[in-house]
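Residue-level structural notes
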Amino acid sequence: MRTSQAHGEPFSSTTQSVVGGSATITQSATTGRTYYITDLSAGAVQSTAVITVLSSGTNYWQDRVNGSVVVYHKEFESPLRITTGSAVTVRLVVGDTSGTTGSAFINVAGYFT
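We now turn to the structure provided with this report. Owing to the predicted nature of the structure, the values given are computational and were not obtained by experimental measurement. (Residues numbered from 1 in each chain as written. Predicted model: local features only at pLDDT ≥ 70, side-chain atom pairs only at ≥ 80, totals over all residues. Heavy atoms only, no water.)

1. Details of the pairing of strand E4 (residues 49–55)
Which entries qualify depends on this criterion: Only protein chains enter the area calculation, which uses a 1.4 Å probe; residues under 20% of their type maximum are buried, those over 50% are exposed, and those in between are partly exposed. Secondary structure elements follow DSSP: runs of H or I of four or more residues count as helices, runs of E of two or more count as strands, with numbering from the N terminus. Strand pairing requires that DSSP identify at least two bridges connecting the strands.
Among the seven residues of E4, six are classified as buried, and the element is accordingly described as predominantly covered. Examined bridge by bridge, E4 and strand E5 (residues 58–65) share seven bridges and lie antiparallel to one another. Within the sheet, the bridge partner assigned to leucine 54 lies in E5 and is asparagine 59. Between E4 and the antiparallel strand that follows it, E5, lie two residues; serine 56 among them carries a positive phi value of about 50°. Bridge analysis of E4 against strand E7 (residues 88–94) gives six bridges, and the strand direction is antiparallel. Looking across to E7, one finds that isoleucine 51 is bridged to leucine 92.

Spelled out as structure tokens, the structure:
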């Protein structure tokens, strides 16, 4: 656990897509709970992908993951603070959805208060 995650209850979640799919992680909305995203890891095999952090229709952050990168990692200097009481979704959408390439994985870590 990073020091920045010691400010609340830490969480981490991982998912992997099937070939040609996208990967999505959602942390449920809970009254009074605020999520802080500290780290993201992702990978898209043989295809470019877009990773996005969303909550209540708001795009908090987005970046491209190059398919030639084995593992993409983003460590936020200042954690992304999600609106209190809202769910947070991290989505990796693979550019090639033909079913022949593009398997993907994502991991999200942070804490909540």
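Now that the structure is up, let's keep going.
2. A word on the sheet that holds E4
Defined as follows: Note on definitions: angles span 0 to 180 degrees between N-to-C directions of axes, and those axes are lines fitted to C-alpha atoms, for helices only across the stretch in contact.
Strand order in this open sheet of four strands is E2-E7-E4-E5, and the pairing throughout is antiparallel. Each end of this open sheet is capped by a strand with a single partner; those strands are strand E2 (23–27) and E5. Averaged over all neighbouring strand pairs, the angle between strand axes comes to 10°, with direction disregarded.

3. Section: the sheet that holds strand E3 (residues 35–44)
Strand order in the open sheet made by the four strands is E1-E8-E3-E6, with antiparallel pairing throughout. A strand with exactly one partner marks an edge of an open sheet, and here the two such strands are strand E1 (9–16) and strand E6 (72–81). Here the strands of the sheet are splayed against their neighbours by 15° on average, with no regard to which way each runs. Inspection of the sheet shows E3 paired to strand E8 (residues 104–112) by nine bridges, in the antiparallel sense. Residue pairing for E8: isoleucine 37 is matched across the bridge by glycine 110.

4. Comments concerning the environment of phenylalanine 105
Locating phenylalanine 105 in the fold gives a position in strand E8. Judged by its relative accessible area of 24%, phenylalanine 105 falls in the partly exposed class. Distance from phenylalanine 105 to alanine 42, taken between C-alpha atoms, is 5.4 Å for residues 63 residues apart in sequence.

Nothing here speaks to function; it is geometry throughout.
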